[in-house]
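Summary of structural features
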Amino acid sequence: TAATLGARSVVEGSILAGSAITFGTKSELHGCALAQTAITFETAGIVSVPIPPPPPPPPPPPAPKKTGEVARKEDGGPNLRAPWGLSVYSRQNGYRVEEGQGFLLENAGSCLKATDWTVLMKLRVDNPSGDNRVFSSKGWGEFGWFVRNEKFTLDPELSMMTCAEKVYPNVEYQFAVTRDTEGAVKMFMNGFMCADGEPLQVDGYAIDTDQITFLHDDHSPFSGFVSKITVVEKAMSEQEVAADAGCTLLPASSDKCAATRVVTSNRAGTTASTFHDDYHYYAAIDSRRSWCARSNNKEQWLSVDTGSVQTIVGVVTQGRQDSDQWVSAYRVQVSNDNTNWTPVECDRVFQGNSER
């Protein structure tokens, strides 16, 4: 690109490699000028960042890809191909996958074990209420992992492995599945283990390394976006899956509760982002008292101080007793110092109320 800018011009951002830019009098560049870029200032120019040195020579080009091939393992493993076609690619969302498209991993026996593996996928699902097959293998037939009825689930239902967290449309989730050599299978959402068991169907879901399919099914087609598919040659631990998703797992208490006590918030121990009026300042179970935010958006929060560091079993919510007002969904964070907060269950969205 070649361009000449007039006096007092200001450029915000990056100038691509190979460009030739001439700046007029008292012009300014705020951003990056990449290697092999010619920058000329006529008079009194200002550059707010240095131009980086030229990069080292590029590596030799890779071998030609097969039709539909989109990725290759760094250690020279098999290719992840898209034999049914792909739509557009978005830097923000990843590859667009329409119904009937998807990915295929073949001849992976040299780097994968049939009985010891992990699959990690970052997906945005168009219609989580539908039947979206996300992961299957040769020989599984109609079985496999789905997003169905707004849940991440293993089919068939008799496996009794379904994550409780609701899957919302067009929201990115990291779904993960692990299987170890003992046949123990675990499912994860955003790094948190949400279902586990030892299913007996199709040889305990040992994979056929000759053919593994992602996001493709003629009868239960997936549609949405995918930004990551990773297959690992071992069953990752819960800590490893959480770390891969950027989640910090909270320490579990080894103490057993002698009794369960429900603590209702009070005015002294409650703070909130906003509140409607003095009467609706704090929440109270089975009471006309309630917290009611002044604004109806996702930026509102309620904080309850329990008075000391203690084991918390769960959170109970209730709609307002005398009006049709309630919180329909929420996240939970905890802190020992009211400064550093850690999301519960990897920032899971919990379901709230739909009535008084």
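Coordinates for the structure precede this section.
First, a word on scope: everything that follows refers to the structure included in this document. (Residues numbered from 1 in each chain as written. Predicted model: local features only at pLDDT ≥ 70, side-chain atom pairs only at ≥ 80, totals over all residues. Heavy atoms only, no water.)

**Quick notes on the pattern of salt bridges**
Going through the model one piece at a time under the given rule, you end up with 13 salt bridges. A salt bridge links Asp126 to Arg96; its shortest N-O distance comes to 2.6 Å. Pair noted here: Asp126 is in the loop between β12 (117-125) and β13 (131-137) and Arg96 is in strand β10 (residues 94-97), with a separation of 30 residues, a long-range link. One salt bridge in this structure joins Asp131 and Arg148, with 2.4 Å as the shortest N-O distance. One end of the pair, Asp131, is in strand β13; the other, Arg148, is in strand β14 (residues 144-148), and 17 residues separate them in sequence. One salt-bridge network, held together by shared partners, links Arg96, Glu98 and Asp126. (Salt bridge = Lys/Arg side-chain N within 4 Å of Asp/Glu carboxyl O. Helix = DSSP H or I, 4+ residues; strand = E, 2+ residues; numbered from the N terminus.)

**Remarks on the nonpolar core**
Among the nonpolar cores identified, the biggest contains 39 residues, and Val134, Phe135, Trp145, Phe152 and Phe214 are the most heavily contacted of them. Grouped together as the second largest cluster of nonpolar side chains are 7 residues, Ala176, Phe188, Met193 and Val241 included. (Core = buried A, V, L, I, M, F, W, Y, C linked by side-chain atoms within 4.5 Å. Buried < 20%, exposed > 50% of the residue type's maximum accessible area, 1.4 Å probe, protein only.)

**A word on the side chain of Arg133**
Examined against the element boundaries, Arg133 turns out to sit in strand β13. Here the side chain of Arg133 touches Phe143 through a polar contact of 2.4 Å, landing on its backbone oxygen. (Polar contact = N/O pair within 3.5 Å; in protein donor to acceptor, adjacent residues only side chain to side chain.)

**Notes on the sheet that holds strand β9 (residues 89-90)**
Pairing is antiparallel across the open sheet formed by 7 strands, whose spatial order is β9-β10-β20-β12-β16-β17-β18. Strand pairing shows two members of the sheet lacking a second neighbour, β9 and β18 (192-197), which therefore form its edges. The pairing of β12 with strand β20 (residues 224-232) spans 8 bridges and is classified as antiparallel. Bridge pairing in β20 places Thr118 opposite Val232. (Pairing = 2+ DSSP bridges.)

**Side note on the pairing of strand β19 (residues 211-214)**
Regular strands place side chains that alternate from one sheet face to the opposite one. Pairing between strand β11 (residues 103-106) and β19: 4 bridges, direction antiparallel. Note that in β19 the partner of Phe103 across the bridge is Phe214. Sheet topology places β13 next to β19; 3 bridges connect them, and they run antiparallel. If you follow Phe135 over to β19, its bridge partner there is Phe214.

**Some details on the state of the cysteines**
Enumeration according to the criterion identifies 2 disulfides in this entry. Here Cys163 connects covalently by a disulfide to Cys194, the sulfurs 1.9 Å from one another. Here the disulfide of Cys163 and Cys194 is right-handed, its torsion about the S-S bond being about 50 degrees. Here Cys194 lies in strand β18 and Cys163 lies in the loop between β15 (151-155) and β16 (173-179), a separation of 31 residues in the sequence. Cys163 sits in the buried class, given a relative accessible area of 1%. (Disulfide = S-S within 2.5 Å.)

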